[in-house]
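Fold and geometry: a report
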Amino acid sequence: MKIPIVEDILSANDRLAAENARLLADQGLLAVNVMASPGAGKTSLIVQTIDALRDHTRLGVIEGDIASRLDADTIQALQIPVVQINTGGTCHLDANMVHGALEQLPLDVLDLLFIENVGNLICPTDFALGEALKVMIASVPEGDDKPYKYPGMFAAVDAIVVNKIDLLPYVEFDLAGFRQLVTGLNSGVQVFQVSCTTGEGIAAWADWLLGKTTDRMAANQT
Ligand code: MG
Ligand code: ZN
């Protein structure tokens, strides 16, 4: 009898993720896998980015949570297409869950899709979803030692958004040291510093993302 092993599960996930990626590429849609620990500000960053970009591009959101539809309600109140995935205890999204969510979204009228992963710095990087970009949020109150503790996440992402920089005067967080640490783990990574509370830094992050979105749309048209 064949005993299923983790590698089989991961390769099955990779096949489905490739299917999702094809579907998204066909639509010229840029999907961004947003990862962070709970409370770092994933939903807050998505809300701020919607605010910054909604006059320039068409956005949609997939919300992943273990339970509840609170974050999806927040997005829906902004009149942005959204699907909530409840994983029922699973601590990450997988390609199959995202595939189901993609079927519920009007993909042909979207340009940029956020996929908010479950709050967790460990296994979300093991499960490709079909995304074009991986972004992680690291928030100032979590401390500047997270790259030591979760190097896999910091090494896997295209961009790191340092959130809650309005708290820097009150929390011990060595920003220069943190930047040095993350570029040591991931030399090509983009690092942004934002506050979703004051709006500081959001424009630079949103501009970068809009550039990636228009690149993707242009690639689709040629
Ligand atoms: Mg959230
Ligand atoms: Zn997990």
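Structural notes, computed from the coordinates. What you see is a predicted model; the values in this text were computed from it and never measured.

Quick notes on the sheet that holds strand β2 (residues 59–65)
Adjacent strands of a sheet form backbone hydrogen bonds with each other and so pair up, either parallel or antiparallel. Taken in spatial order, the 7 strands of this open sheet run β3-β2-β4-β1-β5-β6-β7, and their pairing is parallel. Only two strands of the sheet have a single neighbouring strand rather than two, namely β3 (82–86) and β7 (190–193). On average, each strand axis in the sheet is tilted by 20 degrees relative to the strand beside it, whichever way the strands run. Bridge count between β2 and strand β4 (residues 112–116): 5 bridges; the pairing is parallel. Counted as the bridge partner of valine 61 is phenylalanine 114 from β4.

Description of the coordination of the zinc ion (ligand 2)
Ideal geometry at a metal centre: 109.5 degrees between donors when four sit tetrahedrally, and 90 or 180 degrees when six sit octahedrally. The coordination sphere of the zinc ion (ligand 2) contains the protein donors Cys91 (SG), His92 (ND1) and Cys123 (SG), at a distance range of 1.9 to 2.2 Å. Sequence spacing of the donor residues for the zinc ion (ligand 2), all on one chain, is C-H-x30-C. Of this pair, histidine 92 sits in the loop between β3 and α4 (95–102) while cysteine 123 sits in the loop between β4 and β5 (133–139), placing them 31 residues apart in sequence. Take histidine 92 and cysteine 123: they sit in the same class, and that class is buried.

Observations concerning helix α2 (residues 42–53)
Over its 12 residues, α2 extends 16 Å from the first C-alpha to the last, a length consistent with the 16 Å expected when each residue adds 1.5 Å. For α2, the complete set of buried residues consists of Lys42, Thr43, Leu45, Ile46, Thr49, Ile50 and Leu53. Taken down its axis, α2 places every buried residue within 160 degrees of arc, on the same side.

What about the coordination of the magnesium ion (ligand 1)?
Coordination of the magnesium ion (ligand 1) by the protein comes from Thr43 (OG1), Asp71 (OD) and Glu116 (OE), over a distance range of 2.1 Å. Going along the chain, you hit the donors of the magnesium ion (ligand 1) in the pattern T-x27-D-x44-E. With aspartate 71 in helix α3 (residues 70–76) and glutamate 116 in strand β4, this residue pair connects regions lying 45 residues apart in the sequence.

About the cut-offs
- Residues numbered from 1 in each chain as written.
- Chains lettered and ligands numbered in written order.
- Predicted model: local features only at pLDDT ≥ 70, side-chain atom pairs only at ≥ 80, totals over all residues.
- Heavy atoms only, no water.
- Pairing = 2+ DSSP bridges.
- Helix = DSSP H or I, 4+ residues; strand = E, 2+ residues; numbered from the N terminus.
- Axes fitted to C-alpha atoms, helices over the stretch in contact; angles between N-to-C directions.
- Donors = N, O, S within 2.8 Å, 3.2 Å for Na, K, Ca; no water.
- Buried < 20%, exposed > 50% of the residue type's maximum accessible area, 1.4 Å probe, protein only.
- Expected span 1.5 Å × (residues − 1).
- Arc of directions from axis to C-beta.

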